[in-house]
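Analysis of the macromolecular model
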Amino acid sequence: MEAEEVAAKPPKGRFCTICNQRRAALKRPKTLEQICRECFYAVFEEEIHGVIVDNQLFKPGERVAIGASGGKDSTVLAYVLSELNRRHNYGLDLFLLSVDEGITGYRDDSLETVKRNEIQYGLPLKVVSYKDLYGWTMDEIVKLIGLKNNCTFCGVFRRQALDRGATLLKVDKLVTGHNADDIAETVLLNILRGDIARLSRCTSITTGEDGPIPRCKPFKYTYEKEIVMYAYFKRLDYFSTECIYSPNAYRGFAREFIKDLERIRPRAILDIIKSGEDFRISTSTKMPEQGNCERCGYISSQKWCKACVLLEGLNRGLPKLGIGRSRGANNEQSKNAKEAKGIDSIQSKQCGTLDF
């Protein structure tokens, strides 16, 4: 997504509706205001500062890890958070934390961008890898299972890998670049899946407060289009190629629907988030109880966390073990899956790990 594609240019000669002094350079996607670049930078940054202050995301002296993938969201987050930290004296020690999933031609290139960001922003970088943590790369997993369920493995492993990396850095908070579009998509997906547990927390700006390392989303109300425009006009160094294994991801359908709604009514994104915030779960609904995985100690609502279930399947040569029950001709695989003590009963249940 390029900046030229996300907002129409205002008519020539039109002045900025905020300062009324400089020529308007863009039409802001979120409000459709015609403003100059300087005012766009100011309102973009101050809105994020307002979200941080209003929600009391940080305390002075905290160590904060920024989940850095090299993409537009995490790059803008690292830049803006480091700027606001200096400007408003947050008193934070900031770090970059990246996950190397082991995707040749994608993650290896994006990590080079993160390494440049480390130098550009003066932020220490920590990289953790699937290979070191789980013994598998995503290239190896996809070779085994194909492209149908690969995003399930990657998403589960990445969430846990970020937490493990944050633990190694001994940080107090982990911030991610999830934006308003991402959260609106997640609300829709959780409704479609009937996932009450995740629906009840997916709009929370901070999650995991009862765990060792809370996660925060400073971009909760920030539009993806505005992040792209900010990165473009500021000439930030980011990686823009889509993951080679994700074109058919289920989330993509929700993303396209959100974009269609936004074209009709830009505020639709915020309305969906507000709807998610206003959902009330019946008191009679039984919610998963958070505990710890008996195998790895990671947070889970089941005996084994989802990562351990998936990893067991990979190591046993039964990659679909944690995805769903086996059917059809492969009776041997089905038999082996049933014999996997402690796994069959939880393979189709949701893990208690955090969404963000």
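Residues numbered from 1 in each chain as written. Predicted model: local features only at pLDDT ≥ 70, side-chain atom pairs only at ≥ 80, totals over all residues. Heavy atoms only, no water.

The next subject is the overall build of the chain. The number of helices and strands found in the chain is 14 helices and ten strands. Sorting the 356 residues of the chain into buried and exposed places 53% on the buried side. Within the chain, contacts between residues at least 6 apart in sequence are counted, and of these 68% link residues at least 24 apart. Total accessible area computed for the chain in this model is approximately 17500 Å², and 48% of it derives from carbon and sulfur atoms. (Helix = DSSP H or I, 4+ residues; strand = E, 2+ residues; numbered from the N terminus. Buried < 20%, exposed > 50% of the residue type's maximum accessible area, 1.4 Å probe, protein only. Contact = heavy atoms within 4.5 Å. Areas by Shrake-Rupley, 256 points an atom, 1.4 Å probe, with all protein chains shown as cover.)

This brings us to the environment of A65. Mapping A65 onto the fold places it in strand β3 (residues 63-67). Residue classification places A65 among the buried residues on the basis of a relative accessible area of 0%. Sequence-wise, A65 and T167 are 102 residues apart; in three dimensions their C-alpha atoms are separated by 9.8 Å. With sequence-adjacent residues up to four places away left out, A65 is seen in contact with F95, L97, L169, V171, K173, L174 and V175.

Per the UniProt entry, the sites bearing "domain: Cytoplasmic tRNA 2-thiolation protein 1 C-terminal" (unreviewed entry) are residues 291-321 in this numbering. Spanning residues 291-321, this segment combines 32% helix with 13% strand, and its end C-alpha atoms are found 22 Å apart. (UniProt positions renumbered as here; feature names shortened; annotations may be inferred.)

Time to look at a nonpolar patch on the surface. On the surface, a nonpolar cluster with roughly 380 Å² of combined accessible area is contributed by L192, Y250 and F253. Of note, Y250 is situated in the loop between α10 (224-233) and α11 (251-264). Given a relative accessible area of 42%, Y250 falls into the partly exposed group. (Patch = residues over 30% accessible without salt bridge, like charges linked within 9 Å, V, L, I, M, F, W, Y side chains within 5 Å. Salt bridge = Lys/Arg side-chain N within 4 Å of Asp/Glu carboxyl O.)

Attention now moves to the packing of aromatic side chains. Taken as a whole and assessed by the stated rule, the structure comprises 15 aromatic pairs. Both rings, one in F40 and one in F44, keep their centres 5.8 Å apart while their planes meet at 50 degrees; by these two values the pair is tilted. With a gap of four residues between them, F40 and F44 both fall in helix α2 (residues 37-54), about one helical turn apart. Summarising the aromatic geometry, the rings of Y130 and F157 are spaced 5.8 Å apart at their centres and angled 85 degrees between planes, so their arrangement reads as edge-to-face. Here Y130, found in helix α5 (residues 130-134), pairs with F157, found in helix α7 (residues 150-169); they are 27 residues apart in sequence, far enough to count as distant. Residue classification places F157 among the buried residues on the basis of a relative accessible area of 0%. These aromatic residues form a ring-pair network of at least three members: F40, Y41, F44, Y79, Y121, F219 and Y230. (Phe/Tyr/Trp six-rings, centres within 6.5 Å; stacked < 30°, edge-to-face > 60°.)

As a further point, take the packing of helix α8 (residues 180-193) against helix α12 (residues 268-278). Contact geometry for α8 and α12: axes closest at 9 Å, N-to-C directions at 50 degrees. Accordingly, the angle class assigned to the pair α8 and α12 is oblique. Between α8 and α12 lies a crossing whose hand is left-handed. Only I269, I272, I273 and G276 of α12 make contact with α8, whose side of the interface consists of A180, D181, I183, A184, V187 and L188. Partitioned by chemical class, the residues of the contact of α8 with α12 number eight nonpolar, one polar and one charged. (Axes fitted to C-alpha atoms, helices over the stretch in contact; angles between N-to-C directions. Parallel < 35°, antiparallel > 145°, perpendicular 65-115°, else oblique. Left-handed = near helix turned anticlockwise from the far one by under 90°. Nonpolar A, V, L, I, M, F, W, Y, C, P; charged D, E, K, R; others polar.)

V76 and Y230 are the most contacted members of the largest nonpolar core, which has 40 residues in total. Elements represented by at least two residues in this core include exactly α2, β3, α3 (72-87), β4 (93-100), α4 (107-121) and α10. Residue contacts for V76: discarding those within four places in its chain leaves F44, F219, I227, Y230, A231 and L236. Within the second largest apolar cluster, 39 residues are counted, among which are A65, L97, A307 and C308. (Core = buried A, V, L, I, M, F, W, Y, C linked by side-chain atoms within 4.5 Å.)

Let's shift gears to the pattern of salt bridges. Counted under the stated rule, the structure contains 27 salt bridges. Note that K173 is salt-bridged to E62, the shortest N-O span being 3.2 Å. With K173 in strand β6 (residues 173-175) and E62 in the loop between α2 and β3, this residue pair connects regions lying 111 residues apart in the sequence. Here K173 matches E62 in class, with each residue buried. Between D271 and R265 there is a salt bridge, with its nearest N and O atoms 2.1 Å apart. Taken together, the shared-partner salt bridges connect K72, D73, D181, E224 and K259 into one network.

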